[in-house]
Amino acid sequence: MMTTQQQYKLIENTSFTKQSDGKVHVRCQRENHVVNFMVNENIMEFMQAFSAYQTVAQVASKLEGKGFNSEQVVSFSEKVFSSPLSHCFKQGLHYTHPKKILTRFGFKLKDVFRNSRLVAVVSAVDSNNEEVVLRVVKAPRDDKNFARQESRLNFEYQLLSELREIENVIDAYKLEDDSYVALAYKYINGTSLKDFVNRRHTIKQRVELALEIVRTFRAIHEKGFLHGDIHPSNILIDDSGKPTVIDFDCAYKIGGPVADRIGGVPHFFPPENTNESWFDQSKSIPISYYGELYQIGLVVYYCLTGKLLFDKPGYSELMEAISNNSFEVFNQTPEGEYIEENILEFIKQCVSKSPEKRELACNKLDEALAEMLGVNYKNYLNECRVELT
Ligand SMILES: Nc1ncnc2c1ncn2[C@@H]1O[C@H](COP(=O)(O)OP(=O)(O)O)[C@@H](O)[C@H]1O
Ligand SMILES: [Mg+2]
């Protein structure tokens, strides 16, 4: 049986379309890939409750008043969620299992973070028991899908080499033999920003982290790249509190060709991207430089308050809220400390619907965070100037 956490991961950002035959078409995002399936109408109510609440207990209490009991919740959840999961799993079955590829490279599989059809992201240990994370192409060299995956991996590898001097960007090295390729990343022992914000921190710790994250993304921009997929799960925090930006799978060079895979999670879509269908990548345009400035504003807000600026249970409601730019700003950290007014003001400007306003706001936000900590901002600003063509 799956854990509550997995269930929530599977169905966050779910959309429901009722069809004329009464069945409901469900699309949900699981990390970076999308799952489509059909359900009966009665299950839909249950699933919508899951979209709005995070744990089985919370869902159960919501559904109780509607005649469901918690046993039914568990049994429904298995029914609904085992289908798309096994579907994802079967899709990749005819490609090589990552375990086998890792053995060829001298690693032992430890944990699987993502196992899609052609690519798996896993953690593993080497012969010295050192842990690494690997992005493994499951298709072998003679498969028709290999070349595209390899070129994507090569691009990411080269990009990470160019970003190597930025301290908070993940380090990677390439592995290959006559059949397989993989990228190995330094293992970050810690949590994602998503888990980090929900623990107890002082406002100073939150501001320090936010500042370091803003600086890292601005430094990536300064080097001429866009990350392409900024959201809390792609920022890892180690045990000393230091953030590391990971997942450059959707990154691209400013002015260069865009990645063939478009990233982004709905809560972090900039308003100019809300007309797109995140489940149909062919209809989407990648996040722009101004879009990333907007996302930086959201991440800072999330870091300080533990909240999403735009949060609605349904996908279309969420897109509407983002595109209308309607939000409520909380002025306290989860621990009840007050956030300075000017910081909140710059966050609001970063998420402005007008992209041009965002650059100044993002720099000012950075400055305000630094000032609050008594860090010398001027030196940094001179080093980090983005030239746009
Ligand atoms: N270097 C790393 N150290 C620790 N965990 C990692 C590392 N890289 C990735 N992970 C874990 O694997 C998950 C998926 O990796 P990611 O690079 O974001 O791939 P994708 O989102 O394309 O599946 C991350 O959300 C994180 O939990
Ligand atoms: Mg990711």
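In what follows, the accompanying structure is described. If you're wondering where the values come from, they're calculated on a predicted model, not measured in any experiment.

Right, let's talk about the site of ligand 1 for a bit. Neighbouring ligand 1 are 18 residues; F113, R114, V133, I188 and D247 lie closest to it. For the shell around ligand 1, the class distribution of residues is 9 nonpolar, 4 polar and 5 charged. When residues of the shell around ligand 1 are sorted by domain, at least three fall in each of domain 2 (98-186) and domain 3 (190-387).

Within the fold, M372 resides in helix α12 (residues 355-373). Placed 164 residues apart in sequence, M372 and E208 show a C-alpha to C-alpha distance of 9.3 Å. Apart from residues lying up to four places away in sequence, M372 is in contact with V207 and E340.

Turning our attention to the pairing of strand β4 (residues 108-115). When β4 meets strand β5 (residues 119-125), the two strands line up antiparallel, connected through 6 bridges. Within β5, the position partnered with R114 by the bridge is V121. In this antiparallel pair of consecutive strands, β4 and β5, the connection spans 3 residues.

Turning our eyes to something else, we now look at the sheet that holds strand β12 (residues 243-245). The 3 strands are arranged β9-β11-β12 in an open sheet whose pairing can be described as antiparallel. With partners counted over all chains shown, the strands left at the sheet margins are β9 (190-192) and β12, one partner each. Strand-to-strand twist of the sheet, defined as the mean angle between neighbouring strand axes without regard to direction, takes the value 30°. The sheet contact formed by strand β11 (residues 235-238) and β12 spans 3 bridges and is antiparallel. The residue bridging I237 from the neighbouring strand is P243, located in β12.

This part is about the nonpolar core. Counting 84 residues, the largest nonpolar core has L134, A210, V300, C303, C350 and L365 as the members making the most contacts within it. Per-element tally for this core: the top contributor is helix α9 (residues 289-305), with 10 residues. For this core, the domains that each give at least three residues are domain 2 (98-186) and domain 3 (190-387). Leave out the neighbours within four places in its chain, and L134 touches L102, V122, A124, A182, L183 and A184.

Read from one edge to the other, the open sheet built from 5 strands follows the order β4-β5-β6-β8-β7, with strand pairing classed as antiparallel. Sheet topology places β4 and β7 (172-176) at the edges, where each strand pairs with a single neighbour. Each strand of the sheet is rotated relative to its neighbour by a mean of 25°, with strand direction disregarded. Two elements, strand β6 (residues 131-137) and strand β8 (residues 181-186), share 5 bridges in a ladder whose sense is antiparallel. Opposite V136, over in β8, you have A182 as the bridge partner.

Looking now at the pairing of β11. Bridge count for β9 against β11 is 3 bridges, and the pairing is antiparallel. Considered in β11, the bridge of T191 is made with I237. The antiparallel pairing of β11 with β12 creates a hairpin that spans 4 residues between the two strands, and G241 there sits at a positive phi of about 95°.

Where helix α11 (residues 341-350) is concerned, the buried positions are I343, L344, F346, I347 and C350. Burial along α11 is one-sided: seen end-on, the buried residues are contained in an arc of 160°. On the buried face of α11, the contacting elements are α9 and α12.

What follows concerns the environment of L211. Within the secondary structure, L211 is located in helix α8 (residues 203-222). Taking C-alpha positions, L211 is 6.0 Å from L369, a pair spaced 158 residues apart along the chain. Apart from residues no more than four positions distant in its own chain, L211 is found in contact with D366, L369, A370 and L373.

Conventions and cut-offs
- Residues numbered from 1 in each chain as written.
- Chains lettered and ligands numbered in written order.
- Predicted model: local features only at pLDDT ≥ 70, side-chain atom pairs only at ≥ 80, totals over all residues.
- Near = placed C-beta within 6 Å.
- Nonpolar A, V, L, I, M, F, W, Y, C, P; charged D, E, K, R; others polar.
- Domains from an automatic or database assignment.
- Helix = DSSP H or I, 4+ residues; strand = E, 2+ residues; numbered from the N terminus.
- Contact = placed C-beta atoms within 7 Å.
- Pairing = 2+ DSSP bridges.
- Axes fitted to C-alpha atoms, helices over the stretch in contact; angles between N-to-C directions.
- Core = buried A, V, L, I, M, F, W, Y, C linked by C-beta atoms within 7 Å.
- Buried ≥ 20, exposed ≤ 12 C-beta atoms within 10 Å, placed from the backbone.
- Arc of directions from axis to C-beta.

All we've got here are geometric facts, nothing functional implied.
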